[in-house]
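A structural walkthrough
Listed here are the chains, written in short residue letters.
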Amino acid sequence: MITITKVENKSQLKEFIRFPHLLYHDSAEYVPELDFSVKNLITDRNPFFEHSKASFYLAKLDGELVGRIAFIENRQHNQFHEENVCFFGFFDVANNYDVAKALFDKVVLKSREEAYDKIIGPTNLTTNDSCGILTKGFDESPMILMPYNLPYYEDFLRRYGWKTTINLYSYNFTIYSVNQFFESNLGKRILELSNSNRITIRNCNYQHFDDELETLRKVYNASNKNNWGFVPLTKNEFGMMAKDLKSMIPPELILFAEYQ
């Protein structure tokens with residue numbers, strides 16, 4: 001018997017967060033997200049919930065945890081794009097189509113109850129977070145902010161009737177230091193173009209990190225505004241994302257390009 005239960009207490013929240021660790025335990029390429037990062041993302045610690053909301057569900061088969069999914073109402077997206085859509089995300093499931101169908105059915109039912117016109121997913125929670133499913137590259141380690149899943153996910157989505165909206169790509173570019181990059185042919189070309197156009201390149205100033213964050217947020221929002229599904233980040237949202245990445249990215253890799 002398949003049961004779908006809404007996450008409503010700490011024990012269920014822990015199950016929701018840790019389910020992928022159980023599901024992909026034997027997958028050599030799986031790199032687990034940090035539990036506290038996921039918890040910060042899906043609880044009211046995340047500024048996303050200052051303007052939007054989400055509900056989270058667990059799937060159990062005869063009492064055994066076998067899947068999870070989130071129903072997401074991104075009001076910022078609908079206001080920015082002038083749409084009436086909802087989202088699903090955090091979709092993970094054992095190799096059982098009936099369980100996947102039950103999870104999708106829950107999302108469809110919620111979307112009808114709330115009178116949305118369309119469902120988009122997976123997004124975890126937004127397109128500024130990880131989104132989509134892995135369809136190629138199962139023998140490679142996943143990239144930061146890109147999803148990992150097993151090959152049967154695509155089949156389950158298509159069998160249910162989901163249609164591809166856009167293809168997402170990640171790129172692997174290996175360097176060992178910023179200096180080494182600027183010694184490469186590409187790096188030298190960038191410096192030549194920058195110098196000839198009175199553009200300077202500098203590192204992030206960690207002594208004035210909050211000011212630097214606001215500059216980064218303005219550039220981030222402006223440069224991404226025409227990307228598919230993009231929604232501008234609020235000051236609080238960008239601050240959370242930047243401080244989370246700060247723990248993973250060396251300071252010398254954060255570069256500013258400035259004109260005059």
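The paragraphs below set out a description of the structure included in this document.

Each value, and the rule that gives it
Residues numbered from 1 in each chain as written. Predicted model: local features only at pLDDT ≥ 70, side-chain atom pairs only at ≥ 80, totals over all residues. Heavy atoms only, no water. Helix = DSSP H or I, 4+ residues; strand = E, 2+ residues; numbered from the N terminus. Rg over C-alpha atoms; globule rule 2.2 N^0.38 Å. Buried < 20%, exposed > 50% of the residue type's maximum accessible area, 1.4 Å probe, protein only. Contact = heavy atoms within 4.5 Å. Areas by Shrake-Rupley, 256 points an atom, 1.4 Å probe, with all protein chains shown as cover. Arc of directions from axis to C-beta. Pairing = 2+ DSSP bridges. Axes fitted to C-alpha atoms, helices over the stretch in contact; angles between N-to-C directions.

Looking only at helices and strands, the chain has nine helices and nine strands in total. In terms of overall dimensions, the chain is globule-like: its C-alpha atoms have a radius of gyration of 20 Å, near the 18 Å expected for 260 residues. Projecting the C-alpha coordinates of the chain onto the three principal axes gives extents of approximately 65 × 40 × 35 Å. For the chain, buried positions account for 40% of its 260 residues. When contacts within the chain are restricted to residue pairs at least 6 apart in sequence, long-range pairs at least 24 apart make up 65% of them. In the form shown here, the chain has an accessible surface area of approximately 15,800 Å², with 50% of it arising from carbon and sulfur atoms.

Here we come to unusual backbone geometry. Geometrically, the link from G121 to P122 is a cis peptide bond, its omega value of -5 degrees lying close to zero. Secondary-structure assignment places P122 in the loop between β5 (118–120) and β6 (123–124). Residues N124 and L125 are joined by a peptide bond in cis, for which omega reads 10 degrees. Looking at the element boundaries, L125 is found in the loop between β6 and β7 (130–131).

Residues spaced three or four apart along an α-helix point in a common direction, a consequence of the helix completing one turn every 3.6 residues. Buried within helix α2 (residues 35–42) are the following residues: S37, V38, L41 and I42. In an axial view of α2, the angular spread of the buried residues amounts to 120 degrees, which keeps them on one side of the axis.

Turning our attention to the sheet that holds strand β4 (residues 85–93). A sheet is described by the order of its strands in space; here five strands give the open sequence β1-β2-β3-β4-β5, paired in mixed fashion. Of all strands in the sheet, those bounded by a partner on one side alone are β1 (2–6) and β5. Direction aside, the axes of adjacent strands within the sheet are offset by 25 degrees on average. Direction of pairing for strand β3 (residues 64–73) relative to β4: antiparallel, over a ladder of five bridges. Paired with A70 across the bridge in β4 is G89.

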